Amino acid sequence: MSYAEEIERVAEECRRRSALLLDELEQINRKTADTSRELTAAAAAEMREFCSAHSDELDKARAEVEERERLETAAREQREAIARSIAARKASRDVLPVDQEDEEAAFYQRETWLI
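Position numbers for residues start from 1 in each chain and track the written sequence from start to end. Local features are withheld for residues below a pLDDT of 70 in this predicted model, meaning they are given only at 70 or higher, and side-chain atom pairs are given and counted only at 80 or more; totals for whole chains, interfaces and linings count all residues. Side-chain numbers come from the whole structure's heavy atoms, not from hydrogens or water.

1. A closer look at the overall build of the protein chain
Applicable threshold: Think of it this way: any DSSP run of H or I at least four residues long counts as a helix, any run of E at least two long counts as a strand, and we number them from the N terminus. For each residue, the accessible area found with a 1.4 Å probe, counting protein chains only, is set against the maximum for its type, and the residue is called buried under 20%, exposed over 50%, and partly exposed in between. Each accessible area is a Shrake-Rupley estimate made with a 1.4 Å probe; only the visible protein chains count as cover when residues are assessed.
Regarding its fold elements, the protein chain presents three helices and zero strands. In sequence order, the protein chain lays out its α and β elements as α-α-α. Here the protein chain holds 115 residues, and the buried ones make up 1% of them. Summed over its atoms, the accessible surface of the protein chain is roughly 11,100 Å², and 57% of this surface lies on carbon and sulfur atoms.

Right, here's the structure in full:
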């Protein structure tokens, strides 16, 4: 037997084995894709079931959050109104002299009247 025939036989064996491996790889890829589709469908079904089973709890939690936000907003608005009221009262309490160059202005703007 010549070397050329031996090389041809070995090359044919490599092609045959490569074809078998490629077929096996294609089969594995198909099985993986089928399994992936099945798992995706099962996960979606479980998610729908979970959402339908817990929708009442989810709605209740959402309502509680909205109520808490509403109460916080009302409290913040009330605090802001109180601060505006205090500022208005304080502004009307302090009297500034009409003339800023008044020599007696410092006397009337003293923080304490105690000597």
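After that view, the rundown keeps rolling.
2. Notes on the confidence of the model for the protein chain
Where we set the bar: Values of pLDDT, which run from 0 to 100, indicate the predictor's confidence residue by residue.
Confidence in the prediction of the protein chain, expressed as mean pLDDT, is 87, and 84% of residues score 70 or more. Across the protein chain, the element-wise mean pLDDT spans from 68 in helix α3 (residues 105–108) up to 94 in helix α1 (residues 3–53).

3. Some words on the pattern of salt bridges
What counts here: Any Lys or Arg side-chain nitrogen found within 4 Å of a carboxyl oxygen on Asp or Glu counts as a salt bridge.
Inspection of every chain in the model, using the stated rule, returns nine salt bridges. Ionic pairing is found between E12 and R15, a salt bridge with its closest N-O pair at 3.0 Å. Highlighted residues: E12 and R15, both in helix α1, separated by three residues, approximately one helical turn. The closest approach of N and O atoms between R37 and D34, which form a salt bridge, is 2.2 Å. Pair noted here: R37 and D34 are both in helix α1, with a separation of three residues, about one helical turn. In this structure R37 comes out as exposed when scored by relative accessible area, which is 53%. Classification of D34 as partly exposed rests on a relative accessible area of 36%.

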